[in-house]
Amino acid sequence: MNSRIINQYSTIHALMSGVFDGMFTVSEISQGGSFGIGYLHALAGEMIALDDTFFEIQGVGNVRRFCDHEQLPFAQLTYFNPNEQFPVSNINKKSLYSELSTQVNIDNIFAAIKIEGNFKNIWFRRMNYQEKPFIEAVTEQSEETLHDICGVMVGFWTPDIFHGVSVAGFHIHFIDETRTNGGHVLDFELHNGLLSYELKQDINIHLPDNSEYLNADLKINNLDDVIKKSEG
């Protein structure tokens with residue numbers, strides 16, 4: 001088990017070009033880690049992996065555990081053994097970079113992060129099942145804001161120099177403490193909590209081998225705009 005590695009299944013280009021049918025089983029991607037995020041088949045929701053459990057957060061808001069045979073089109077997984085953890089308070093998504101940078105320089109390296117705590121507000125989205133290219137799919141989503149809620153955020157930091165390999169900046173998913181609600185984090189306000197991080201020196205990209213991926217046109221001229229629209 002090598003915790004320095006992020007295992008990424010498929011690519012951002014493929015996902016945003018419309019290649020989002022499930023191609024990797026949960027059993028397969030779980031070999032790459034027990035901590036991470038991903039998307040459901042046909043973008044029908046979000047995935048969050050935490051404490052060796054893979055949760056499916058459906059577009060309609062239902063949360064359940066994945067079965068090993070179910071398939072996903074995209075995921076990022078790792079084994080999480082934090083370098084450090086420290087208390088944080090009164091931060092949001094915009095200030096998260098500054099908060100983490102006071103502890104370690106993350107400009108040129110990947111990082112896995114986890115924030116557990118009491119959130120004043122958390123604004124997230126869940127994709128809905130659809131059959132259109134990603135740029136159109138991002139308009140077909142459920143957004144929700146929760147107030148005064150406890151839970152955990154899981155995700156990754158990708159430095160700007162690796163934009164395109166992954167999503168530059170923070171890509172984070174949330175699930176509440178009762179494991180009944182969550183989604184892709186657009187923004188948040190944290191009362192207080194605990195921030196843990198682990199620096200990651202390597203990223204392994206596992207490409208699909210089916211005809212849909214091999215024959216797909218993955219050229220996106222406005223990739224930056226598409227990512228900004230989808231990530232919030």
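Refer to the structure presented above.
So, here's what we can say about the structure.

Cut-off values and rules
Residue indices begin from 1 for each chain and proceed along its sequence in written order. Whole-chain, interface and lining totals are the exception, using all residues; otherwise, since this is a predicted model, local features are given only for residues with pLDDT of at least 70 and side-chain atom pairs are given and counted only at 80 or more. Side-chain calculation: all heavy atoms of the structure are included, whereas hydrogens and water are not. Any two strands are treated as partners once DSSP identifies two or more bridges connecting them. Helix and strand assignments come from DSSP, with helices taken as H or I runs of at least 4 residues and strands as E runs of at least 2, each series counted from the N terminus. Angles here are taken between N-to-C directions and fall from 0 to 180 degrees, while the axes themselves are lines fitted to C-alpha atoms, restricted in helices to the stretch in contact. Note on classification: 1.4 Å probe, protein chains only; a residue is buried when its accessible area is under 20% of the maximum for its type, exposed when over 50%, partly exposed between these limits. Pairs of N or O atoms within 3.5 Å make up the polar contacts considered here, provided that, within protein, one atom can donate a hydrogen while the other can accept it, and that residues adjacent in sequence are counted only when both atoms are side-chain atoms. Contacts between residues were defined by any pair of non-hydrogen atoms, one from each residue, lying within 4.5 Å. Two aromatic rings from Phe, Tyr or Trp, using only the six-membered ring of Trp, form a pair when their centres are within 6.5 Å; if the ring planes differ by under 30 degrees the pair is stacked, by over 60 it is edge-to-face, and anything between is tilted.

### Thoughts on the sheet that holds strand β4 (residues 45–50)
Stage number 1. Pairing is mixed across the open sheet formed by 7 strands, whose spatial order is β6-β5-β4-β3-β8-β1-β14. Every other strand in the sheet has two partners, leaving β6 (63–65) and β14 (202–206) as the edge strands with one partner each. Shown here is a sheet whose adjacent strand axes are inclined to one another by a mean of 15°, direction ignored.

### Observations concerning the side chain of Q76
Stage number 1. Relative to the assigned elements, Q76 resides in strand β8 (residues 74–78).
Stage number 2. The class for Q76 is buried, based on a relative accessible area of 1%.
Stage number 3. At 3.0 Å, the side chain of Q76 and the side chain of Q8 are in polar contact.
Stage number 4. In terms of polar contacts, Q76 uses its side chain to reach the side chain of S166, at 2.9 Å.
Stage number 5. Once residues lying within four places of it in the same chain are set aside, the contact partners of Q76 are I6, N7, Q8, F35, G36, I37, F156, S166 and H171.

### A short note on unusual backbone geometry
Stage number 1. Look at D51: it is not a glycine, yet its phi comes out positive at around 55°.
Stage number 2. Relative to the helices and strands, D51 resides in the loop between β4 and β5 (53–58).
Stage number 3. Taking relative accessible area as the criterion, D51 reaches 56% and is therefore assigned exposed.
Stage number 4. Look at D52: it is not a glycine, yet its phi comes out positive at around 65°.
Stage number 5. Position of D52 among the secondary structure elements: in the loop between β4 and β5.

### Topic: the pairing of strand β13 (residues 182–200)
Stage number 1. Along β13, 14 of the 19 residues are buried, which leaves the element largely enclosed by surrounding structure.
Stage number 2. Pairing of strand β9 (residues 84–92) with β13 involves 8 bridges; the strand directions are antiparallel. Residue pairing for β13: P87 is matched across the bridge by L194.
Stage number 3. The pairing of strand β10 (residues 110–127) with β13 spans 15 bridges and is antiparallel. Bridge pairing in β13 links N118 to N192.
Stage number 4. Here strand β12 (residues 169–176) hands over to β13 after 5 residues, with R179 in that stretch at a positive phi of 60°.

### Topic: the packing of aromatic side chains
Stage number 1. Scanning the entire structure with this criterion turns up 10 aromatic pairs.
Stage number 2. Both rings, one in Y9 and one in F24, keep their centres 5.4 Å apart while their planes meet at 65°; by these two values the pair is edge-to-face. Remark: F24 occurs in strand β2 (residues 24–25) and Y9 occurs in strand β1 (residues 5–9); sequence separation between them is 15 residues.
Stage number 3. The class for F24 is buried, based on a relative accessible area of 4%.

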